Amino acid sequence: MNRSITHETSGRVLAALLCALLGSVVITAAQEDDRETIQPAQARQALTLIHARCAVCHTTDLIVQQRLPADRWTVTIEKMMHWGADLSKEEAAAVLKFVTARYHSGAPDQLPSIEEELAMIARAVGPRPGLEGPVTGEASRGAGLYAHNCQACHGEGAVGGAGPKLARNTILKNEGAFWETVLHGRGPMPAWGAVLSHQEIADIHAWLASR
Amino acid sequence: MKVSRRVLVKTLLQGVGAALVLRGRGGTASANPIEGEAARSSGPLTVRVSRPFDAETPVREFLSRLTSNERFFVRSHFGPPAAEAVRPESWRLTVKGLVKDELNLSLKELQQLDTVTLTAVLQCSGNGRAHHRPKVPGVQWERGAVGNAEWTGVRLRDVLQRAGVKPQGVHVQFQGADRPALATVPLFTRSIPLAKALHPDTLLAYEMNGRPLPLLHGAPLRVITPGWMAESCMKWLTEISVRTDETPGYYMQQAYRIPETAVRLSSGLPGSAMVPVEQMPVKSLIAAPAEGDTVRPGPVTVQGVAWAGEMEVAKVEVSCDDGKTWEQARLLGDGQPYAWRQWQYVWNARTVGPTAILCRATDAQGQEQPMTSPWNPGGFLWNGWDRLSVTVAA
C-alpha cells in the first residue's frame, strides 16, 4: 500500500518535472524559428491582445494556422481594425510585430496555440501583475470592462447574443462556477485568466450582479 | 544527420505522452502516429476553426457515394444564427427588389411548389487552400471541405416566376439570417447572375440526404447552385432581392474573386481582372489507402471520387509510382450531372518500399486536372492532382 502511494507520487512528480522542463524547451523551440527576437513581455502583450480582441469574432486557432509575409499580415490587421477590432495604433503595431515574427511564411507547420503560449509565459516569467488574492468587485468599474471584453458575445446589457444571457443568470450566485468559467473557459467561451486580472473579473461580476 | 531541436522536442513530447498513457492505463498503447496534423480531430470532423465552427471531412469518408449530414464539412463566416431566427414555424422568406409582386412565404407555403431532388457536390472555394505556394491567408483547408449529398427543395426559378422578375433584374441576391459578432463587420451577402438563378436545377433546399436541413447546414432553407462553388449556396436564407447589378460589398466584390487568367488560362486577359468564383473545376481525391499506410505486396484497391461541376467526368487516371506511369481507373455506377463519381483501380503492388499514389481526372470537355493549380491571392479553386505516400511492406 505504502509502496504504491510512493510510486504514484514519484510518478506525478516526475511527470510535473518533465512538463515544466518541456514547457521551457517548447518556448525556445518556437523562438528559434521566429523571424526576429520577441521579448517575453512583448510576446505577452501581443498574445493577450490577440486573445482578448481577435477572439471576439473568431477563435485564435485561425491566426496560428496562418503563415504569411509581413505585407499580407499588415493588410489583414488593417482589415480587421476596419471591421471593428478594438486595437489602438500602438496595440496593432505590437500584434503585427508578433505575428510577422512568429507566423511567417517559413515558420514550422506546428506551433503552440495562443492559449498554450500564454500559459508557458506565465510559467516561465510568473503571472501577470494584478493576479492577487481575494478582491472586492466594484460595479462602476465593471460596466466598462464588460462592454470592452464581454459584450460582443453576451450582448449589450448582458441580455445574451452568441453567448448566453448573463443578467440574472444563476451562475452569478455560484461564484465558484463563475470564476471557473471566466478563468478557464467553457465550451466555445475562451479562457480569460491570462487577459483579465482578478480585480477586473470581480468588477465585472459586481456589475453583472447589479443588473 | 542533423536532428533539429524541434524534432527532438516533438519526439520527447510524444514519448512522455505515451509513457503517461502507459502508466495510467497499465496496458500497451502506442503514440499517435499522425504527423503534420495541425488541427484537432473532433468526432467525425477535423476542426480548422472552433468559432465560427469550420471543420472538414476526413477523406476516408469519401469511400461512400453520399456524405452523411454528421460528417459533412461545415463552413460559415459567423456561425449559425440563434435558433429563434430560423425556427421553421416562424421563419419567413422575403422576395423583393425588381419583382412585380413582393413575396413573404412561410416554409409550408414554399413547400407547396414542385419538389425536386438531386445529388450534387458542395465544395468550399477554399478547399485545398493549404496546398497553394506561396501560402495565402484564410482557413487552411486541406482535402475535405467538400461532400456529395442529396438535396431536396423547390426550384428558385418557380419562386422567382411567382414574384415576376422585372426586365431590369439581372442579378439575384441572397441574404441569410447569420450575423457577425460586431455590427461593423460586413454581412455575408452574395448574388448570382439571373441565368444561374433561373436554371431548373438551382434549388432552395430544405432537406439534406432525406432529412430536414441541419442547423449547421443552413436550416431551414439554403440555396443549392449545382456545379458552382459553395459561397453561392447561401445558408439560413431569409431574403432574396432581384437587382440590376452584382451585390456590392466585401463578400461579393473583394472576397471570392480570382484573376480571370486563373479561370481561363488562355484568355490573354491581364492578370488584374478579377472575376467571381463560380464553376467547380474538375477534381478527384483518393479515399483509400490513407496517407502513410503500409500495404502488402499484391493487389491493392485504390479508390476515390471525381467530379467536374456541371460537366461529366470522362476519365480518372492513377499513378502508383509517383507520376512515372499512369493507368486508367474504372468509373463506377452511372455519370450524373453535379454528383461525384466513384472510381476504383486495382494496383498490383510489387516494388517494396515507399512510393506515392496520385490521381487526376479529366472532364467531358477534355479539361484535365493540373499537377498544381494556378496560384491566386485568395487561394481559391485548388484542383491539383491528389497525392498520398504509402509504403509497400517487404
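Quantities reported herein were computed from a predicted structural model and do not represent experimental measurements.

Residues and elements named next belong to chain B. Spatial ordering of the open sheet is given by β5-β4-β13-β8-β9, a layout of five strands whose pairing is mixed. Sheet topology places β5 (103–106) and β9 (189–193) at the edges, where each strand pairs with a single neighbour. Each strand axis lies, on average, 20° off the axis of its neighbour in the sheet, ignoring direction. Where strand β4 (residues 92–97) lies against strand β13 (residues 237–243), four bridges are found, and the strand directions are parallel. Bridge pairing in β13 links Lys96 to Ser241.

Bringing helix α2 (residues 40–54) of chain A into the picture now. Every α-helix winds through 3.6 residues per turn, so residues three or four apart in the chain are directed the same way. With 15 residues, α2 of chain A should cover 21 Å at 1.5 Å per step; its first-to-last C-alpha distance of 20 Å lies within 8% of that length. Of all the residues in α2 of chain A, the buried ones are Ala43, Arg44, Ala46, Leu47, Thr48, Leu49, Ile50, His51, Arg53 and Cys54 of chain A.

Residues and elements named next belong to chain A. Relative to the helices and strands, Ala55 resides in the loop between α2 and α3 (61–64). Measuring from C-alpha to C-alpha, the distance between Ala55 and Ile77 comes to 13 Å, with 22 residues separating the pair along the chain. Beyond its immediate sequence surroundings of up to four residues, Ala55 is in contact with Thr60 and Pro190.

Before going further, it helps to examine the confidence of the model for chain A. All names here are of chain A. Mean pLDDT over chain A stands at 84; residues scoring 70 or higher make up 82%. Confidence, expressed as mean pLDDT per element, reaches its minimum in chain A at helix α1 (residues 2–32) with 54 and its maximum at α3 with 98. Of the regions scoring below 50 in pLDDT, residues 1–6 engages in zero contacts with residues more than four places distant in sequence or in other chains.

Quick look at the sheet that holds strand β22 (residues 341–349) of chain B now. Residues and elements named next belong to chain B. In spatial order, the strands read β16-β18-β22-β21; together these four strands make up an open sheet with antiparallel pairing. Because the sheet does not close on itself, it has two edges, and the strands there are β16 (283–288) and β21 (330–331). Bridge count for β21 against β22 is two bridges, and the pairing is antiparallel. Bridging across to β22, Leu331 finds its partner in Trp343.

This paragraph deals with the confidence of the model for chain B. When pLDDT is averaged across chain B, the result is 89; 86% of the residues are at 70 or more. For residues 1–39 of chain B, every residue scores under 50 in pLDDT, and the model assigns this stretch 29 contacts once sequence neighbours within four places are set aside.

The next thing to look at is the packing of helix α4 (residues 70–82) of chain A against helix α5 (residues 89–102) of chain A. Residues and elements named next belong to chain A. Viewed as axis vectors pointing N to C, α4 and α5 meet at an angle of 145°, and their least axial separation amounts to 10 Å. Pair α4 / α5 crosses with right-handed handedness. Across from Ala70, Trp73, Thr74, Ile77 and Met81 in α4, the residues of α5 making contact are Ala92, Val95, Leu96, Val99 and Thr100. Classifying every residue of the contact of α4 with α5 by side-chain character gives eight nonpolar, two polar and no charged.

What counts, and at which threshold
One numbering rule holds for all chains: residues counted from 1, following each sequence as written. Key to labels: chains lettered from A, ligands numbered from 1, both in the order written. Local features in this predicted model are restricted to residues whose pLDDT is 70 or higher, and side-chain atom pairs enter the listing and the counts only when it is 80 or higher, whereas totals over whole chains, interfaces and linings include all residues. Strand pairing is assigned whenever DSSP identifies at least 2 bridges connecting the two strands. Only DSSP runs of H or I with at least four residues qualify as helices, and only runs of E with at least two residues qualify as strands; both kinds are numbered from the N terminus onward. Angular values range over 0 to 180 degrees, each being the angle between N-to-C directions of two axes fitted as lines to C-alpha atoms, with helices fitted over their stretch in contact. The span one expects for a helix is its residue count, reduced by one, times 1.5 Å. To assign burial, the other C-beta atoms lying within 10 Å of each residue's own C-beta are counted, with C-beta atoms placed from the backbone; 20 or more indicates buried, 12 or fewer indicates exposed, and intermediate counts indicate partly exposed. By definition, residue pairs are in contact when their C-beta atoms, positioned from the backbone, come within 7 Å. The quantity called pLDDT is the predictor's confidence in a given residue, expressed from 0 to 100. It is the rotation of the near helix from the far one that decides the hand of a crossing: anticlockwise by less than a right angle makes it left-handed, clockwise makes it right-handed. Residue polarity follows a fixed list, in which Ala, Val, Leu, Ile, Met, Phe, Trp, Tyr, Cys and Pro are nonpolar, Asp, Glu, Lys and Arg are charged, and the others, Gly among them, are polar.

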